[in-house]
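Residue strings, one per chain:
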Amino acid sequence: MTAKPSRESWNSRIGVILAVAGSAVGIGNFLRFPGQAAQYGGGAFMIAYFIALIIIGLPICWAEWALGRAGGQRGMNSSPGILGFITGQRRFRYLGVIGVIIPVVIYMYYVYIEAWCLGYAVNFARGAMNFETVAEAGDFWGAFIGIGGDGDAVGFGWQQVGGFLLFVFALNFFLIYRGISKGIEFFCKYAMPTLVVLALIILVRVLTLGAPVADHPENSVANGLGFMWNPNKMVMHERVVNESTGVEKWIPLADGEVVGDLMIEEAKARAATNPDLDLRTVSMLSQLANPQLWLAAAGQIFFSLSVGFGVIITYSSYLKKKDDVVLSGLAATSTNEFCEVTLGGLTTLPAGYAFLGVAGVAGAGTFGLGFNVLPMVFATMPGGQFFGFAFFFLLFLAAVTSSLSMLQPGIAFLEEAMNINRKQSVAILGFVTAAGCAFVVYFSAGVKALDTIDFWVTNLLMVVLATIQIIIFGWIVGVDKGFEIAHQGAAIRIPSFFKVIMKYLSPAFLIVIFLAWIYNGVLGFSFTGGERAYSSYIVDLFIEPNQTAWYSIGVIAFTSAFLVLLTAGGSFKPKTVEKGEDI
C-alpha cells in the first residue's frame, strides 16, 4: 500500500517570512553583490539594480506568492502542480517542471560551496588561516576544494573539503526530513537572526578599520566605500595603438579607478608626465548607457531574491487562504535587501580595499574575493581569527537557509508526481542530488563542472521560468484576477500602477534581458562595437570541446529528463485541504 503525503503548513507568519528571506539571503549577498556593484560602477549599478527590483524583483515575487498560495488551496505544492492547476491546462505542468529542475540542480553544487564556508569557519576557529598574501590564501583554497585536478577534492581532514561536505549534506536532509515547520521554519527562525547579528558585528569592525596599512594611507575604508558607491568614477585610461592600422584607442585600466584626494593628485601627476596615460571622469549617465550594466543588475536581482527559482511558489503554497502574501512578500524582500545592500555592501569590498587597495580587489570575482582576498584580510587584521570565523560561519548559515529552500520544491514534486510520503521523497531526492554532487566534487579541476552548470541553469532557466510565471499571472490568470487573489487577507495593497508593470513592463523587460544575454553572454557580440568573442561556455561546448563541460550539460539534461518523465506519468493528486477553502 502506497503511503500518501500529508498536508503541511507554516506555524507562523514570521516563520515563513524568515524562511523566504533565508532562501534569498545567501553567499551571493555578501560576496557576489559587492563585486558586481564595484565592477559595474557602484552608484550607477545601484540605480539599475533598484529599477530592476521594481520592474522584475517585486512583481515576480508577488506573482509567485499569490500563485503559490492559490495552488496550495487545492493541495498543490509543486511548481508543475500549481501552474497546471492555476491555468487549468495540463501542458503547463511541463513548463512548471523548470521550477523543480533549477533548485535541484543548483543544490548539487551549492552544497559543495556551503561546505567551503563551514570548512573556512572551522579552520579560522582553529587558528589555521595565517596568510600573509592573497597568493597564500589562494593556494589554500585551491588545495581545499581540489581545484588542481579531478578527484583532488575527494579527501578528508581539517584542510580538505570531504568531511565538511558529508556533514552539511546530512544536515540539510535531516532538516528537510523534519518538514516545513519543524525543519525549515525551525532552523530559519534561529539562523537568520544569528547571521544578521554576526554581520552587524563584522560591519562595525570593518567601518572602524580606518587605514590599517601605514605605508598606504590612501587604502582606507572611506575610500573603499567610495570605490564601491561613487556614482561618478575617476579612471586612468591608457593609449593603445593598433600596429597594423595605426588607429589609437584609450582603454580604461582594469585597476585604474582612483578614489580620494591623495590618489587623484598622484594619478594626475602620473598622467602629466606620461602622454600615454589620461585620467578621465566616467559619468553616471555614461555608465548607465552600458547594456552590460543592466544585464548584471537584473542578474543580481534574480540571484538576490530567488525569483524565477521555483522556491517562493512552493513555500507560499503552504500558506492558508487568509495568510497575507503582499506584506509578507515585501517583508521578505526588504530583509534580503537589508542583508545585501547594507550588510554585504558596506562590509566585504571596503574591508578588502582597506588592506589591498584597488589592485587587490579589482576584478577579483566572487570566489576570488570571498576565498582568496578576505581570508588574507582577516588573517591580517587585529582579532582576525574571531572575525574570520564569524564571517564564514554567517556565510554557512546563509547557505543552509538557501540550500534547504532548494530541496523543498523537489520534495513537493516527488510527493505529488509519485503519490508518496516525505520519507520516500527524501530518500529519492537524496540519491539524485548525492549523485549530482559527487559529479561536481569529482570534476573539481578549475571548478569547471560547477561553473558550467551554474552558468546554464541560472542564466537560462531562471529567466525562462520567471517570464512564464509573470505571463501566467498577468495574461492567463489576468492581472485583475491576480490582484484579487494576492489581496485576499492582505494587510496592505499592491499599488495599482504595478498592474501595468506586471502585465506589460515586466515580461518585456525579461524578454529584452534574455535576448541581450544571448547576444552578448552566449554569442559574444559586444555592445560597444568591439570585436566578437565567443563566450568561454560556447567555446567549451562547440569550438574547443571540453569533456567536463559536456558531462556537466549531461547532468542537467539527465536530471531534466528524469523530472519530465515523472511529470508525464505523475498523478498530481491534491493533498487534503481545509474544509471550505477556495481560491
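Reading the values: the criteria
Residues numbered from 1 in each chain as written. Predicted model: local features only at pLDDT ≥ 70, side-chain atom pairs only at ≥ 80, totals over all residues. Heavy atoms only, no water. Pairing = 2+ DSSP bridges. Helix = DSSP H or I, 4+ residues; strand = E, 2+ residues; numbered from the N terminus. Axes fitted to C-alpha atoms, helices over the stretch in contact; angles between N-to-C directions. Contact = heavy atoms within 4.5 Å. Patch = residues over 30% accessible without salt bridge, like charges linked within 9 Å, V, L, I, M, F, W, Y side chains within 5 Å. Areas by Shrake-Rupley, 256 points an atom, 1.4 Å probe, with all protein chains shown as cover. Salt bridge = Lys/Arg side-chain N within 4 Å of Asp/Glu carboxyl O. Buried < 20%, exposed > 50% of the residue type's maximum accessible area, 1.4 Å probe, protein only. pLDDT = per-residue confidence, 0-100.

A. Representation of the sheet that holds strand S2 (residues 248-258). If you walk across this open sheet you meet the three strands as S2-S1-S3, and the pairing is antiparallel. With one partner strand each, in any of the chains shown, S2 and strand S3 (277-282) form the two edges of the open sheet. Direction aside, neighbouring strands of the sheet carry axes that sit 40° apart on average. Taken together, the seven bridges between strand S1 (residues 233-241) and S2 define a ladder with antiparallel strand orientation. Residue pairing for S2: Glu-238 is matched across the bridge by Ile-251. Lying on the sheet, helix H10 (residues 261-273) is in contact with S1, S2 and S3; it crosses S3 at an angle near 135°.

B. Structural context of a nonpolar patch on the surface. A cluster of nonpolar residues, Ile-471, Trp-475, Ile-476, Val-500 and Tyr-504, forms a patch on the protein surface that exposes about 480 Å² of accessible area. Counting residues per element, the nonpolar patch draws most heavily on helix H18 (residues 448-476), at three residues. Relative to the helices and strands, Tyr-504 is located in helix H20 (residues 498-522). Judged by relative accessible area, Tyr-504 falls into the partly exposed class, the value being 48%.

C. Spatial organisation of the confidence of the model for the protein. The pLDDT averaged across the protein works out to 90; a share of 97% of its residues lies at or above 70. Contacts from residues 578-583, a stretch scored under 50 in pLDDT, to residues over four places away or in other chains number 12 contacts.

D. Quick look at the pattern of salt bridges. Enumeration over the complete set of coordinates arrives at eight salt bridges. With a shortest N-O distance of 3.4 Å, Glu-248 and Arg-239 are connected by a salt bridge. Salt bridges linked by common partners bring Arg-239, Glu-248 and Asp-276 together as one network.

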